[in-house]
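Examination of the molecular architecture
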Amino acid sequence: MTTQKKSDDRISLLQGTLDLLILKTLVFKPCHGQGIARSILRRSEEVLFVDHGSLYVALQRLEDRKWISAEWGISENNRRARFYCLTATGRAQLVEKSSEWQRLTRAMGLILEAGEGPQGEEA
Amino acid sequence: MFWRKRSAEDFAEEIKAHLELETEDLRNEGLSQEEAQWRAKQAFGSVRAVQEQFYLRRRWQWLDRIARDLRFGFRSLRHSPGFALTAILTVALGVGANTAVFSVMNAVLLRSLPVADPSRVVYLRPSNPPRNTGTIASQETISYPVYAELRREVHAMQPVMAYVPLATGKVAVRFDAVPEEAEGEMVSGQFFSGLGVGMALGHGFSEQDETNHAPLAVLSYKYWTRRFERDPSVAGKTLYVNSVPMTIIGVAAKGFEGVETGESADFWIPLQNRPELNAYANPPEDGKLYIANPKWWCLRLIGRLAPGVSKAQALAQLQPVFQAAAYTGLGNPQQGEKPPILRLMDAKSFPGYERSYGTPIRVLMMMVSLVLIIALSNVAMLLLARNAARQREFAVRLALGATRAILLRQLLIESLLLVTGGGALAWVFAVFASQTLGLWARIESSLAPDRTVLVFTLGLLILAAIVFGLAPLRIALATGVTSAIKTSQATAQADAGQSRTGRIVVVMQLMFCVVLLVGAGLLIRTLRNLEQTPLGMDVNGLVVFGIKPNTQTLAETNAFYRELLTRLRELPGVQGTTIMQERLGSGWSANNNMKVDGRLPEVRNRESRTVRSNVVGPDFFQTLGVPVLMGRDFNSSDTSNSPHVGIVNETFVKRFLHGQHPLGHRIGPASINWDMEIVGVVKDHKYRSIDEDPIPMAWYMYAQIPVLSEMQVELRVHGNPLEIVPTAAKVVAQMDPNLPLIQPMTQRAQFDTTIAQPILFARLAAFFGLLAVLLVATGLYGVLSYRVNMRTAEIGLRMAVGARRRQVVWMIVKDSLALTAVGVLTGAPLAMLIGQALRGSLYGVKAFDAMSYLIAILGVGAIALGASAMPAGRAASVDPLKALRIE
């Protein structure tokens, strides 16, 4: 199983990114799908617009993996909505994925900012 | 695996809620309701596409997981092909053998008659038929006049149906130009409608057809397939039965071949009333056919209980009618005669099969289930050993994040793969094996596996899957994440538990093996005894076939046979030829009491007066190779005009003419006034079957008796006896193109049919014994080599501190010998039970045959030694240094 997940991540990086954003959003408090979308939009200073349809597919995927759990509740403006919250596994995943992401951005940054050709490395 | 399913409706509701929330937010930002709705929808994209993803994703995930597990299972089995192959073959043999024996048992003992609502169908059987009647089977057959009375009782039974074969074997039929033979039955008009047997083609008979003795025929589906390739245009064509034209009007439903054991009718015709088609091809008795003859009880009856009537009620109505009708035309009962009684017997399954196959098949079923237990436990042990050896792998996988559930699931999938592979192979094996079984046992009814057999086999496979599934369960539960580091400790623990279970299983296997080998030994010795039983004649070079001439008068029939014998004798390669009424080795004989010198003979010690007789032709004993002890053989000068002559055997002389010179005495049947002079005495020899005991016998000369019909021709030839058959057929065709040779076969093969069951029984038992030996050997080998592997370090240590190779070998062998001793000690008493169950099937062997036990015990000992030799050798060649370094 473990090996399988890694290969998934490598292939679809964007998908992993959305997962990470969702997990991060849920760290503070449980939230429904629409709230998550709004939150991501707001907190990224309107840079990251999440396609709402894809968001719900991602939510379902995370729920299947038991990284988040969900139950129906009432929203702040008195509407029925499905609220998601982070599970223990999800929290652990968030830590792992965040550090992975940070390593990735650092590595990307190193390469992009250095702007040099390939260098010889020790085997 | 454990997530709760979320419904698509719930998902749709969430989307709806989202759209509403978004719309509301957008409105709060100042958009109009319409625009807000539009923007919310646009931001969402295609709702349908998302819902489809929701739906597909879950399927896909599930499929994906299964596919992944299957791939993993295949891969891990491919890594140990020896294990996989052994396990699959073992399952296939164990389950296949069980399925094959079960499908025979199902066809023979369990399956209902292929009729509608068989629970309402009963056989009508008499006991104590009136004394001066003749029967086919005294507990089964009834006369036509009694049938005619019984069928009137429509309030009890609706209808009563009669059926009777046209001959004991096959009758002559002709469809196109070529004469053939087929099994035919005469039946009531309501036979098909009353039984509720459907028609695959055309229609059945009507009551009118029986009354008019209509010349119509219905074919069986099997015959239609075999002879006519299911040609629908056969309806309306003519089938000549004993040269009488019959119009084919239908084909009975598939699977229906009559309601009697061992018969599989090729065609049916309505009850007839003409001499060519008398019941059992008998010549008319006193000019009376079966229909008019109250003395000849030859019909079998079956009936359907009238609606709402119980079996007891029906019997109460029928009994007085039967008892009154039984004596119609027969005069009053003799003094002291028991009244005839009618019984109704359930037609749930073929009644005769229970008698002739019941015990053997049940014993076989028991033996084959022992084989299955051995086989399944073998694979389970192999799995245990394999999984125990994989403990380090499991521990590593657990440490890497796999859950126990995942481990268990993968192990189960591996087991499932083994069971599926084995099961598929088993089915192929079983279909083939049950056909072979049917051939050997001469069971004519269909053995094709039906739903019951399928359910049985699936049940076995599920059992196997559960047994194999439990083996990994223990490992999966026992393995902890931490044990990855403590491998040697973990394996040491597994070894302790493992060896205890393993030893118990091995002892059980050895025990069953003893039982199977004793059973096989007893049956093989029975078969050898039967095969070596002297027949009292030289059967090599003898071939036999039946002929039923189309002649009208006795003189014509006599002339036909005289001419036939003359022509056959002239054929090149023919050393001798003769004819007889009852075919030797067919199980049939004519039995009656005989007068000696005008009165029933005195017998000592209440011995039976029954004499088995046969009607034979000239040179009978010379052709068979039976020594004539006194007097002479029949010859061509014994004719209808010369004095009546007869020949008897030794036992006849011993019992009825004790101490007298036998030649010249006059003997004859007790019931009629006809006698003949004894002109010869021959040595005892077999008549009906191989396993019969000597009994008084007498032979009539065919040319001198008043009735004559179908006869069996016996030819003695050089070389392969069957090669003469086509030539003989040509000779017969020259005399009458309508006559087929009926059931031509070698005399040896004919006698062998009487021991078909012991042959089958012995072969199967031997096969099961062999299978058990093989399985036990591999099982023992597996367990021992596993234990040697586990003890490599220990053995290395022992050798390092000075143990000799011999001691190490002895340590391993001692172990398996101890197991064997326990297995033999527990197996022997069990084997005695099998011996007891088999008693009725043994010939010339006692149930406690010391030889069979000795061979079985020695055999098991040899297997144990053989199976432990290799592991022991490997243990002895352990290099102490290497072994110690492993730890």
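Residues numbered from 1 in each chain as written. Chains lettered and ligands numbered in written order. Predicted model: local features only at pLDDT ≥ 70, side-chain atom pairs only at ≥ 80, totals over all residues. Heavy atoms only, no water.

A short note on the overall build of chain A
Across its full length, chain A holds five helices and three strands. Secondary structure of chain A in N-to-C order comes out as α-α-β-α-α-β-β-α. A total of 123 residues make up chain A; the buried ones form 39% of that total. Long-range contacts, defined here as pairs at least 24 residues apart, represent 50% of the contacts in chain A between residues at least 6 apart. Here chain A displays about 7,800 Å² of accessible surface, and carbon together with sulfur accounts for 56% of that area. (Helix = DSSP H or I, 4+ residues; strand = E, 2+ residues; numbered from the N terminus. Buried < 20%, exposed > 50% of the residue type's maximum accessible area, 1.4 Å probe, protein only. Contact = heavy atoms within 4.5 Å. Areas by Shrake-Rupley, 256 points an atom, 1.4 Å probe, with all protein chains shown as cover.)

Details of the overall build of chain B
When helices and strands are counted, chain B shows 24 helices and 25 strands. Counting all 887 residues of chain B, 53% fall into the buried class. Counted over contacts in chain B with a minimum sequence separation of 6, partners at least 24 positions apart contribute 81%. Taken as a whole, chain B presents about 39,700 Å² of accessible surface, with 58% of it coming from carbon and sulfur.

Focus: a positive patch on the surface
All names here are of chain A. Judged by side-chain charge, Lys-24, Lys-29, Arg-42 and Arg-43 come together as a positively charged surface patch. Structurally, the position occupied by Arg-42 is in helix H3 (residues 33-43). Of the residues examined, Arg-42 reaches a relative accessible area of 56% and is grouped as exposed. (Patch = residues over 30% accessible without salt bridge, like charges linked within 9 Å, V, L, I, M, F, W, Y side chains within 5 Å. Salt bridge = Lys/Arg side-chain N within 4 Å of Asp/Glu carboxyl O. Lys, Arg positive; Asp, Glu negative; His and termini not counted. Charge placed at Lys NZ, Arg CZ, Asp CG, Glu CD.)

Considerations on the pairing of strand S2 (residues 68-74) of chain A
All names here are of chain A. Bridging between S2 and strand S3 (residues 80-86) involves seven bridges; their strand directions are antiparallel. Bridge assignment links Ser-69 to a residue of S3, and that residue is Cys-85. Remark: five residues form the turn of the hairpin made by S2 and S3, two consecutive strands paired antiparallel; Asn-78 in that turn has positive phi of roughly 60 degrees. (Pairing = 2+ DSSP bridges.)

Re the nonpolar core
Residue and element names in this part refer to chain B. One finds Ile-547, Phe-652, Tyr-702 and Leu-715 to be the most contacted residues of the largest nonpolar core, which totals 135 residues. Look past the residues within four positions of Leu-715 in its chain and what remains in contact with it is Gly-541, Leu-542, Val-543, Phe-545, Leu-568, Val-574, Gly-576, Thr-577, Ile-724 and Ala-728. In this structure, Val-146, Tyr-223, Ile-269 and Leu-342 belong to the second largest nonpolar core, which totals 60 residues. (Core = buried A, V, L, I, M, F, W, Y, C linked by side-chain atoms within 4.5 Å.)

Comments concerning the confidence of the model for chain B
Residues and elements named next belong to chain B. Chain-level pLDDT for chain B is 85 on average; 92% of the residues reach the 70-or-more range. Overall, residues 483-497 carries pLDDT values under 50, and its contacts beyond four positions in sequence, including any with other chains, amount to twelve contacts. Note on the complex model: pTM 0.64, ipTM 0.80. (pLDDT = per-residue confidence, 0-100.)

Re the interface of chain A and chain B
On the chain B side, the residues contacting the 25 residues of chain A number 28 residues. In total, chain A and chain B occlude about 2,600 Å² of area from one another, counting both sides; carbon and sulfur atoms represent 51% of this. Notably, a salt bridge pairs Glu13(B) with Arg80(A), separated by 2.5 Å at the nearest N-O pair. Counting every contact that joins chain A to chain B gives 15 residue pairs in polar contact (both at pLDDT 80 or more). A per-element tally of the side of chain A that touches chain B places helix H4 (residues 52-64) of chain A first, with seven residues. Partitioned by chemical class, the residues of the side of chain A that touches chain B number seven nonpolar, ten polar and eight charged. (Buried area = accessible area lost by both parts, 1.4 Å probe. Polar contact = N/O pair within 3.5 Å; in protein donor to acceptor, adjacent residues only side chain to side chain. Nonpolar A, V, L, I, M, F, W, Y, C, P; charged D, E, K, R; others polar.)

Regarding the sheet that holds S2(A)
Overall, antiparallel pairing links the three strands, which are arranged S1-S3-S2 (chain A) in an open sheet. If you trace the sheet from one side to the other, it starts and ends with strand S1 (31-32) and S2 of chain A, each paired once. Contacting S1, S2 and S3 of chain A, helix H1 (residues 8-28) of chain B crosses the sheet at an angle of about 105 degrees to S3(A). (Axes fitted to C-alpha atoms, helices over the stretch in contact; angles between N-to-C directions.)

Considerations on the packing of aromatic side chains
Taken as a whole and judged by the stated rule, the model has 24 aromatic pairs over all chains. Ring-pair connections join several aromatic residues into one group, and the members of that group are Tyr163(B), Phe191(B), Phe192(B), Phe205(B), Phe256(B) and Trp268(B). The side chain of Arg65(A) reaches across the aromatic face of Trp67(A), ending 5.1 Å from its centre. Note that Arg125(B) overlies the ring of Tyr123(B), its terminal NZ or CZ placed 4.6 Å from the centroid. (Phe/Tyr/Trp six-rings, centres within 6.5 Å; stacked < 30°, edge-to-face > 60°. Lys NZ or Arg CZ within 6 Å of the ring centre and 35° of its normal.)

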